[in-house]
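# Fold and geometry: a report
The residues making up each chain are set out below.
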Amino acid sequence: MPELPEVEVVRRGLDHHVRGRTIASAIIRHPRAARRHMAGPEDLAAQMVGTTVTGIARRGKYMWLILDETDALLMHLGMSGQMLITSPDAEIAAHERARFTFTDGGSDLRFDDQRTFGHLMYDEGGAVLPSPIAHIAPDPFDPQFDQAAAVARIKTKRTGIKRALLDQTLVSGIGNIYADEALWAAKVHGESTASSMSKPRISAVIDAAREVMAAALAQGGTSFDSLYVDVAGSSGYFARSLTAYGLVGHPCPRCGTPIVREQFMNRSSHFCPVCQRKR
DNA sequence: AGACTGCCCTGATGGC
DNA sequence: TGCCATCAGGGCAGTC
């Protein structure tokens, strides 16, 4: 379940292994991987060949290869997507969806994705900000992030604060794990109505999200299983630092009350029923 | 218009 | 052992 910290770990790995290299071939092995590229998988592949990766950027959970300083290969990992640096001799993996080779004959870049929620698309002229994600808000680590503006927008929402945190058009990068962790840290119930919260309190929730994601990034991200890994296939260590997410029945680290889980938006919310009261 | 639901997908897991 | 239901959930289309 890659969220901002996990995507940033991958972005850094790509920056290290792929920047400066020229693409020799692009193979899309599963049409679903290019489902949002309207011109089709063959077009996506054709556009890539011969371009040089001049940078790797990220906004929220999206990242993109900057090609020839002009265009973009936009990537979203979905739930189980992985960008892997592998040997050109490696066999086609069970869930391999795309593979890129380079003119230097060195390592390949592979996109594996078990659950196929991830996808790739090519955006001409999208180097600075690909047009398909123009509606995605800056994330809390973006120099363009305006926290006061984000707080003001969230405060207009007559919905639960957790739902607002997960709305990528308000603030991006936060998914179910870090939403639960941030709400726990800020002692806020996820179903508190955003519009009824004070601006300082909403701001404190965003601060908590930024802090927990920074801590996760420092640990290489959160891995529960082999579905989230860095470009070398290694897991992150933040799972052992989680305080609420996935810890039903475990004592709240603050007050000892068992963490509970409730259904929310066809998924789960984990929180301390004592520290995080609905207001 | 804003809030919310359903759908896409596969593999691990648990109950019977 | 095997079969079925459930769960994981990001983002967007569609509904109310």
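A few points on the structure. (Residues numbered from 1 in each chain as written. Chains lettered and ligands numbered in written order. Predicted model: local features only at pLDDT ≥ 70, side-chain atom pairs only at ≥ 80, totals over all residues. Heavy atoms only, no water.)

### A short note on unusual backbone geometry
- Even without being glycine, E69 reaches a positive phi, approximately 60°.
- Positive phi outside glycine occurs at K187, with the angle close to 60°.
- Note that K187 resides in the loop between α5 (176-186) and α6 (199-218).
- Judged by relative accessible area, which is 42%, K187 ranks as partly exposed. (Helix = DSSP H or I, 4+ residues; strand = E, 2+ residues; numbered from the N terminus. Buried < 20%, exposed > 50% of the residue type's maximum accessible area, 1.4 Å probe, protein only.)

### What about the protein's contact with DNA strand C?
- Lining the immediate environment of DNA strand C, one finds 15 residues, of which H76, M79, F117, Y245 and R267 sit closest.
- The separation between a phosphate oxygen of DNA strand C and a polar side-chain atom of S268 is 3.0 Å.
- Among the residues making up the surface near DNA strand C, the classes are represented as five nonpolar, five polar and five charged. (Near = heavy atom within 4 Å. Polar contact = N/O pair within 3.5 Å; in protein donor to acceptor, adjacent residues only side chain to side chain. Nonpolar A, V, L, I, M, F, W, Y, C, P; charged D, E, K, R; others polar.)

### What about the sheet that holds strand β5 (residues 81-86)?
- With antiparallel pairing, the four strands of this open sheet are ordered in space as β1-β6-β7-β5. Two strands in the sheet have a free side with no partner beyond their single neighbour: β1 (23-28) and β5. Sheet twist, expressed as the average angle between the axes of neighbouring strands with direction ignored, equals 15°.
- By the bridge criterion, five bridges tie β1 to strand β6 (residues 96-102) in an arrangement that is antiparallel. Residue I23 lies in a different strand from β6, and its bridge partner there is F102.
- Sheet contacts for helix α2 (residues 41-48): β1 and β6; angle to β1, the most-contacted strand, approximately 170°. (Pairing = 2+ DSSP bridges. Axes fitted to C-alpha atoms, helices over the stretch in contact; angles between N-to-C directions. Contact = heavy atoms within 4.5 Å.)

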